[in-house]
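# Close look at the chain arrangement
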Amino acid sequence: IPDEVKNDWLYTMIFQLKKLGKLLSLNDVITKKLDNIQTAMEQIVDKAIIFLDAERGTVFAVDADTRELFSYVRATDEDGAEKVAEEERMIRIPETQGIAGFVFTTGQTVSTANAYDHEYFSPEVDERTGQRTENLLCVPVSAPGGYRIGVLQVINKIGAHTFNSQDEQVLQGL
């Protein structure tokens, strides 16, 4: 095996192991008793953003009483500073609206390289936050009994045109 191939392989393995360490620390988020659902949602999304090299992400949880999905938007800059104003962070949508609603109601993962061309995409959140969704990956989130309780999505893959199948597997594993 040529040295350059060995070096590429070694670099890739080291990079993946570093990312795995970040993912494993997500277990701390899930197993610790947290103050409230907003804190839990923000920490899970922060880990997904870092691990999958995304600009931002969102966890939509279902509100069974109103049949809505609700979320707290997370978008941070390189220094970890929040890029979305506090008053713009809470989002509520009907549980069937947009890509998140489609994923929630069907249980199917959606990955798209061009969100605005996707038949279920709704630009409402972009308009509200001033952000622009280019590409996204959205997966269903299920409780231990198998029923869906929400969706997790990451938006705008950094350094790539779209999320890949490895990203899909990682996000589904969260």
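## A closer look at empty space enclosed by the protein
A water-sized probe, rolled over the atoms, reveals where empty space remains. Across all of its chains, the model carries two cavities of 30 Å³ or more by this definition. By volume, the largest cavity is sized at about 260 Å³. Contributing to the lining of the largest cavity are 20 residues, with Phe60, Phe121, Ser122, Val125 and Gln153 lying nearest its centre. Among the elements of the structure, strand E1 (54–63), strand E4 (90–94), helix H4 (98–106), helix H5 (124–129) and strand E7 (148–157) are those that each provide at least two residues to the lining of the largest cavity. Top contributing element to the lining of the largest cavity by residue count: H5, with four residues. Taken together, the residues of the lining of the largest cavity break down into 10 nonpolar, seven polar and three charged.

## With respect to the packing of aromatic side chains
Inspection of the entire model under this criterion finds two aromatic pairs. Ring geometry for Phe102 against Tyr120: centres 4.3 Å apart, planes inclined by 15°, an arrangement best described as stacked. Of this pair, Phe102 sits in helix H4 while Tyr120 sits in the loop between strand E5 (110–112) and H5; the two residues are 18 residues apart in sequence, bridging distant segments of the chain. By relative accessible area, Phe102 is classed as buried at 16%. With 4.7 Å between their ring centres and 55° between their planes, Tyr116 and Phe121 make a pair best called tilted. A residue is classified by how much of its surface remains accessible, and Phe121, at 17% relative accessible area, is buried. Against the face of Tyr116 rests Arg132, its NZ or CZ located 4.0 Å from the ring centre.

Parameters at a glance
- Here the residue numbering is sequential within each chain, running from 1 through the sequence in written order.
- Restriction of local features to residues with pLDDT of at least 70 applies here, the model being predicted, together with a cutoff of 80 or more for giving and counting side-chain atom pairs; totals for whole chains, interfaces and linings are based on all residues.
- No hydrogens and no water enter the side-chain calculation; it runs on all heavy atoms of the structure.
- As defined here, a cavity is a set of points on a 1 Å grid over the protein atoms alone where a 1.4 Å probe fits but cannot get out. A pocket is an open set with protein on both sides within 12 Å along at least five of seven lines, and residues line them when an atom is within 4 Å of a point.
- Grid points are joined across faces, edges and corners, and a volume is the space filled by probe spheres set on the points.
- Going along the chain from the N terminus, every DSSP run of H or I of four or more residues is numbered as a helix, and every run of E of two or more is numbered as a strand.
- Polar here means any residue other than Ala, Val, Leu, Ile, Met, Phe, Trp, Tyr, Cys and Pro, which are nonpolar, and Asp, Glu, Lys and Arg, which are charged; Gly is therefore polar.
- Ring pairs are drawn from Phe, Tyr and Trp, using the six-membered ring of Trp, whenever the two centres fall within 6.5 Å, and their geometry is named by plane angle: stacked under 30 degrees, edge-to-face over 60, tilted for the rest.
- Note on exposure labels: buried denotes an accessible area under 20% of the residue type's maximum, exposed denotes more than 50%, and partly exposed covers the range between, all computed with a 1.4 Å probe on protein chains only.
- Each ring is checked for a lysine NZ or an arginine CZ that lies within 6 Å of its centre and within 35 degrees of its normal; such an atom marks a charge sitting over the ring.

The quantities given are spatial measurements derived from coordinates; they are silent on function.
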